[in-house]
Amino acid sequence: MKPTYGLPALLSFFIPGLGQLIKGQILKAFLIWAVGGAVGFLLAWTLVVPFLIWAWNVYDAYNDPA
């Protein structure tokens, strides 16, 4: 059975990238902040793209092993 990470997913639910940072994936957390922030800022009017970035962030924090 593949391990999952509930606490990092919960943290990423509220602050994108924090779950990856807690798991020690510093580069991935930085990329989420940089790329997700820039894309979210530029495409905020669509509401779809920022939501997809946020949803992927929570999914990744929950499923990706550290």
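Quick caveat: nothing in here was measured; it's all calculated off a predicted structure.

Caption draft 1: Region of the structure containing the packing of aromatic side chains. Within the structure shown, the criterion is met by three aromatic pairs. With 5.0 Å between their ring centres and 85° between their planes, Phe 13 and Phe 14 make a pair best called edge-to-face. The class of Phe 14 is exposed, set by a relative accessible area of 61%. Taken together, the ring pairs connect Phe 13, Phe 14, Phe 51 and Trp 54 into an aromatic cluster.

Caption draft 2: Local environment of the pattern of salt bridges. This model, assessed by the stated rule, comprises one salt bridge. Across the pair Lys 28 and Asp 60 runs a salt bridge whose closest N-O atoms are separated by 3.3 Å. Taken together, the positions of Lys 28 in helix H3 (residues 26-42) and Asp 60 in helix H4 (residues 48-63) put the pair 32 residues apart, joining distant regions of the chain. Classification of Lys 28 by relative accessible area gives partly exposed; the value is 25%. A relative accessible area of 8% means that Asp 60 is categorised as buried.

Caption draft 3: Just helix H1 (residues 6-14), in detail. Where H1 is concerned, the buried positions are Pro 8, Ala 9 and Ser 12. Buried residues of H1, seen end-on, are gathered within an arc of 100° and therefore sit on one face of the element. Structural note: H1 exposes Leu 7 and Phe 14 on the side pointing more than 90 degrees away from its buried face. In this structure, the buried residues of H1 make contact with helix H2 (18-22) and H4.

Caption draft 4: Representation of the packing of H3 against H4 in the model. Put simply, H3 and H4 touch, their axes get as near as 9 Å, and they point 165° apart. Here H4 runs roughly antiparallel to H3, going by the angle between their axes. Relative to H4, the crossing made by H3 is left-handed. Each of Lys 28, Ile 32, Gly 36, Val 39 and Gly 40 in H3 lies in contact with H4, whose residues at this interface are Val 49, Pro 50, Ile 53, Trp 56, Asn 57 and Asp 60.

Caption draft 5: The side chain of Ser 12, seen in detail. Relative to the assigned elements, Ser 12 resides in helix H1. We classify Ser 12 as buried; its relative accessible area is 0%.

Thresholds, definitions, all that
Residues numbered from 1 in each chain as written. Predicted model: local features only at pLDDT ≥ 70, side-chain atom pairs only at ≥ 80, totals over all residues. Heavy atoms only, no water. Phe/Tyr/Trp six-rings, centres within 6.5 Å; stacked < 30°, edge-to-face > 60°. Buried < 20%, exposed > 50% of the residue type's maximum accessible area, 1.4 Å probe, protein only. Salt bridge = Lys/Arg side-chain N within 4 Å of Asp/Glu carboxyl O. Helix = DSSP H or I, 4+ residues; strand = E, 2+ residues; numbered from the N terminus. Arc of directions from axis to C-beta. Contact = heavy atoms within 4.5 Å. Axes fitted to C-alpha atoms, helices over the stretch in contact; angles between N-to-C directions. Parallel < 35°, antiparallel > 145°, perpendicular 65-115°, else oblique. Left-handed = near helix turned anticlockwise from the far one by under 90°.

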